[in-house]
Amino acid sequence: MAAAGMELRTILLTGNADRIGYLSCNPAVGGLGKGHMVREIDALGGCMGRWADEASIQARILNAGRGPAVRATRIQVDRAAYMAAVKRDILSHPLIYVRQDTAEAVLTRNGRACGIRTGLGQVLEAAHILIAAGTFLRGRVHIGPIHFPAGRLGDAPAQGLSRCLLDLGFTLRRFMTCTTPRLLTSSIDFSLMEPQPGESPAPRFSRRGPGPQLPPEVCYLTWTNARTHGIIARALRRSPMYNGDIPGAGPRYCPAIEDKIARFPDRERHQVFVEPEGSRSSETYPNNIPTGLPLDVQLDLLHTIPGLERCHLIRPGYAIEYDMLPPTQLAPTLESKQVPGLWFAGQVNGTSGYEEAAAQGLWAAMNIAAAAKGQMPFAPGRDSAYISVLVDDLVTRGTDEPYRMFTSRAEYRLLLREGSAEVRLTPLGRERGLVTDEQWDIFVRRESLRSKLAEQLEAVRISPDPSVRDLFASFGLSPPAEAQSLARLLRRPDMTGDVLTRIWPDVERYPADILHEVETGLRYAGYVERQEHLARRLRGLEAVRLPPDLDYASVAGLTTEVREKLSAIRPATLGQAGRIPGITPAALNCLEIQIRKNAPGIV
């Protein structure tokens, strides 16, 4: 969608056109770190947030009681409605051509990708090829001792493409992940569980689109127990993760239930969030118990959980192992270093989650458009977007396990809060031609309101007269000791929106989210300024480009280990070099001296 949105004729080759937009695991979008990226995708002109809003059946703000940097939106979506929205937009786009077929080989000419050969024998020529293969490269599903080739349960894997990538000189590794069983909703006793309603009004990711179209649904919370854990512990040797059937690394932050029991034997119980697959779906998703255990063990453990004692299993949980491409073989644009014109995005790069995949797809598409149009690469820094943190972590550090985004991965997370995504990124999306006139007009209007509110809060002053003292006393607050602006008042930690509204009723003319973002900027101004100062200092290192053909063996003062790492990653900038594990400040000084020698005016 992003490539076509930037006026590139795009063919989408998929093994099953009926599965476009299908959510393989939990039908939810967003969460900590992930919700930030969905907001950024939307701010740049992407579609994921709009699709999630349209299919929303429950929405919540996570960490609402904590600081603004770590608050995040999560939306439970109707699986069928989400898929319908995605297919509608893709199949109706005049520049997108959908073809049901498989990619068997990447074709090259003079060392550059020039097209693909399909499973049906067609040759499709293209200037740029983007591989977003998910878990399908030589995918293999495991349910206890039973295993068979599959990209996911019910879909055939991609077998030929891995062989082609190996022949082209790429290194591949095996990763694995798990998903949970799906249960018949009518067989669940929800009265034994804790209701988990969503928020009203429901938060949204996007200011575009129709918003939620379906009635809100309630999720439920239940728990595993000692009986559950005993069944799993006795069956560990039958799990493919523990009997040697799956050698690949699994996700640390979304582990299989058997992995939780093995790693945390002292835990008395684990949460199970029981979430609907959709408004009209007969299936329910018991989140937090992904597993690759045999079918009989899955049934036994489910029947020990309160509310699931008589549940009927429709689809078993399963583990899946697949080929991934260690992402240090990619440039910061996500173009491969080995074969120009060949790009990679999503789970094939070692990530986990819909949001990480969508973020990479958008990033790759924007850089493909830049290459096609002769523009500079799209490369905002780590202080500009979580998407930038994601891509930089992957191509600079690589990953030994499925990578999941968290707010803790960003050193500038106060700058990257959800509410600032539009300010940070919508102008960049507009420059690249992805932000539409409609989205830009909304942004300009909101920025005008934001600026006007900030100005008025600085201009309006109150004095500690008797009426003001009485008002503060009614809220149990100490009145201001001297005349001051509303902006200064809002910096008080005990100041609330209710008090502000009583003092200055005009504030109600502004949307609540704009007031919240302006208030956040005032309250955290000192911290934001320090992060911005640090980002400016480090931006100088990002401006120092390293020649792509630099011979690191000839750089004086580097250790053998540092030379090997720099030669393997071939960082684009001095800043990226500094983020490679094991690259010391002394090594950066050596590189800087070398650059000065080659181009004295560059540093």
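Rules used in this analysis
- Residues numbered from 1 in each chain as written.
- Predicted model: local features only at pLDDT ≥ 70, side-chain atom pairs only at ≥ 80, totals over all residues.
- Heavy atoms only, no water.
- Helix = DSSP H or I, 4+ residues; strand = E, 2+ residues; numbered from the N terminus.
- Rg over C-alpha atoms; globule rule 2.2 N^0.38 Å.
- Contact = heavy atoms within 4.5 Å.
- Areas by Shrake-Rupley, 256 points an atom, 1.4 Å probe, with all protein chains shown as cover.
- Axes fitted to C-alpha atoms, helices over the stretch in contact; angles between N-to-C directions.
- Parallel < 35°, antiparallel > 145°, perpendicular 65-115°, else oblique.
- Nonpolar A, V, L, I, M, F, W, Y, C, P; charged D, E, K, R; others polar.
- Core = buried A, V, L, I, M, F, W, Y, C linked by side-chain atoms within 4.5 Å.
- Buried < 20%, exposed > 50% of the residue type's maximum accessible area, 1.4 Å probe, protein only.
- Pairing = 2+ DSSP bridges.

## Considerations on the overall build of the protein chain
The helix and strand tally for the protein chain stands at 20 helices and 22 strands. Here the C-alpha radius of gyration of the protein chain, 26 Å, is about what a compact globule of 603 residues would show, namely 25 Å. Here the C-alpha coordinates of the protein chain stretch approximately 80 × 75 × 50 Å along the principal axes. In the protein chain, the proportion of contacts linking residues at least 24 apart, taken out of those at least 6 apart, comes to 72%. Just so you have it, the protein chain exposes about 26,500 Å², and 52% of that area is on carbon and sulfur atoms.

## As for the packing of helix H2 (residues 34-43) against helix H10 (residues 386-397)
Taken N-terminus to C-terminus, the directions of H2 and H10 make an angle of 110°; their axes are 8 Å apart at the nearest point. With respect to H10, the element H2 is oriented roughly perpendicular. Residues His36, Met37, Glu40 and Ile41 of H2 touch H10, and the partners they reach there are Tyr386, Ile387 and Leu390. Of the residues belonging to the contact of H2 with H10, the class tally is five nonpolar, one polar and one charged.

## Comments concerning the nonpolar core
Counting residues in hydrophobic clusters, the biggest one holds 82 residues, and the most contacted among them are Tyr82, Leu342 and Phe344. Considering every element that reaches this core, the biggest residue donor is helix H9 (residues 354-373), with nine residues. Apart from the residues lying within four places of it in its own chain, the contact partners of leucine 342 are Val106, Ala113, Ile129, Ile131, Leu165, Phe170, Leu334, Glu335 and Ser336.

## A short note on the packing of H9 against H10
Running from amino to carboxyl end, H9 crosses H10 at an angle of 90°, the nearest separation of the two axes being 10 Å. Taken together, the axis directions place H9 and H10 in an arrangement best described as roughly perpendicular. Counting all contacts with H9, which are made through Glu356, Ala359, Gln360 and Trp363, the residues of H10 involved are Ile387, Ser388, Leu390, Val391 and Leu394. The class makeup of the residues in the contact of H9 with H10 is six nonpolar, two polar and one charged.

## Overview of the pairing of strand S15 (residues 219-223)
On a regular strand, each side chain points to the face opposite its neighbour's, so the side chains alternate between the two faces of the sheet. For S15, a buried count of five out of five residues is recorded, marking the element as mostly surrounded by other parts of the structure. What you see with S15 is no split at all: Cys219, Leu221 and Trp223 on one side and Tyr220 and Thr222 on the other are buried throughout. Judged from the three bridges that link them, strand S14 (residues 194-196) and S15 form a sheet pairing that is antiparallel. Across the sheet, the residue bridging to proline 195 is tyrosine 220, located in S15. Pairing geometry for S15 and strand S16 (residues 271-276), over four bridges, is antiparallel. Residue pairing in the sheet places leucine 221 in a bridge with phenylalanine 273 of S16.

## Focus on the sheet that holds S14
With respect to topology, six strands assemble into an open sheet ordered S14-S15-S16-S17-S13-S18, the strand pairing being antiparallel. Of all the strands in the sheet, the pair left with one neighbour each is S14 and strand S18 (313-315). Sheet twist, expressed as the average angle between the axes of neighbouring strands with direction ignored, equals 35°.

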